[in-house]
Structures are given as C-alpha cells and as structure tokens.
Amino acid sequence: VGGRIRPVTPAELATHNTEKDAWLAIRGRVYNITYYLPYHPGGPEELLKGAGIDATELFDKVHPWVNYDSLLAKCLVGPLRFDRPDAE
Ligand code: HEM
C-alpha cells in the first residue's frame, strides 16, 4: 500500500512511535522515518525522540539547516491534518 500521499491526523501519527514503525512531522509534513533510522548521523535514538509527534522543535534545536524534505522525499506520508478529524 505505497505511493499514496494523504493527510495524517495527530492521533494517527501518535501510533507510529516505535523503531519498527516510526513517523514524525516537521513543519506540517509527516514522514515515515523507519528506514532512515539506521542512517541518521545523530543515531537512531536521537531521531526516535521525535517519533509519533511534531518534531519541528527538536529538529530545529539541533540542525535547522538540514534539508530533511530532500532527504526524506520518498518517505513522505502526507500533510499533518488538524481540521476535520472525523472526515474521510
Ligand atoms: C545530526 C538529532 C531529526 C538529519 C544530528 C545530531 C543530533 C541529531 C543530536 C548530531 C550528531 C552529532 O553531531 O554527533 C536529531 C533529532 C531529531 C533529528 C533530535 C528529531 C527528533 C533529523 C531528521 C533528519 C536528520 C528528520 C533528516 C532526515 C541529520 C543530519 C545530521 C544530523 C544530516 C548531520 C548534520 C551535520 O553534521 O551538519 N541529529 N535529529 N535529523 N541529523 Fe538529526
């Protein structure tokens, strides 16, 4: 079930918070970081601090210059959605 970009609610994002299934959001975009974990220069543990949440602040505290959107282009799940939580 791949290739489809679709909105993600904060509640759904929160369920992807383990090293086997990790998503995080930065500036309103949700990424599946599961496969990037072993390659993160700061180590998987650091990256996992942002799993399941909006990791914008954590990210910016360490390296606001890193081009995450380019690195994670193929890992984009979709936009983080705050409105219409019950809509399809
Ligand atoms: C480096 C933490 C998310 C890419 C680092 C380092 C830390 C860190 C502590 C420094 C490692 C060192 O200097 O020894 C975090 C945290 C994140 C996060 C807490 C979010 C929870 C990301 C994401 C990406 C990323 C989403 C990109 C997909 C990198 C890169 C470096 C790095 C490229 C090397 C930066 C450089 O040397 O200029 N990270 N990271 N990180 N991280 Fe992250």
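Rules used in this analysis
Residues numbered from 1 in each chain as written. Predicted model: local features only at pLDDT ≥ 70, side-chain atom pairs only at ≥ 80, totals over all residues. Heavy atoms only, no water. Donors = N, O, S within 2.8 Å, 3.2 Å for Na, K, Ca; no water. Tetrahedral: all angles 85-135°; square planar, octahedral: opposite > 155°, others 65-115°. Helix = DSSP H or I, 4+ residues; strand = E, 2+ residues; numbered from the N terminus. Buried < 20%, exposed > 50% of the residue type's maximum accessible area, 1.4 Å probe, protein only. Pairing = 2+ DSSP bridges. Near = heavy atom within 4 Å. Polar contact = N/O pair within 3.5 Å; in protein donor to acceptor, adjacent residues only side chain to side chain. 1 Å grid on protein atoms, 1.4 Å probe; cavity = no way out; pocket = protein on both sides within 12 Å on 5 of 7 lines; lining within 4 Å. Sits in = over half its atoms within 2 Å of the grid points.

**Observations regarding the coordination of the iron atom of the ligand**
Next up, step 1: Taken together, the protein donors to the iron atom of the ligand comprise His40 (NE2) and His63 (NE2), at separations of 2.0 Å.
Next up, step 2: Every donor counted, the six donor atoms about the iron atom of the ligand form angles of 88 to 179 degrees at the centre, which fits octahedral coordination. With His40 in the loop between strand S3 (29-32) and helix H2 (44-48) and His63 in the loop between helix H3 (56-62) and helix H4 (68-71), the pair connects residues that are 23 residues apart, well separated along the chain. For the pair formed by His40 and His63, the shared burial category is buried.

**Remarks on the sheet that holds strand S4 (residues 76-79)**
Next up, step 1: Spatial strand order, S1-S2-S3-S4: four strands in an open sheet with antiparallel pairing. Looking along the sheet, the strands with just one partner apiece sit at the ends: strand S1 (17-18) and S4.
Next up, step 2: One ladder, built from two bridges, connects S1 with strand S2 (residues 21-26); its direction is antiparallel. In the strand pairing of S2, Asn17 is matched with Ala22.

**Details of the site of the ligand**
Next up, step 1: Around the ligand, the structure places 17 residues, and the nearest of them are His40, Glu46, Leu47, His63 and Trp65.
Next up, step 2: His40 places a side-chain nitrogen or oxygen 2.8 Å from a nitrogen atom of the ligand.
Next up, step 3: Trp65 is positioned such that a nitrogen or oxygen atom in its side chain is 3.1 Å from an oxygen atom of the ligand.
Next up, step 4: The cavity that encloses the ligand is the largest pocket.
Next up, step 5: Taken together, the elements giving at least two residues each to the shell around the ligand come down to H2, H3 and H4.

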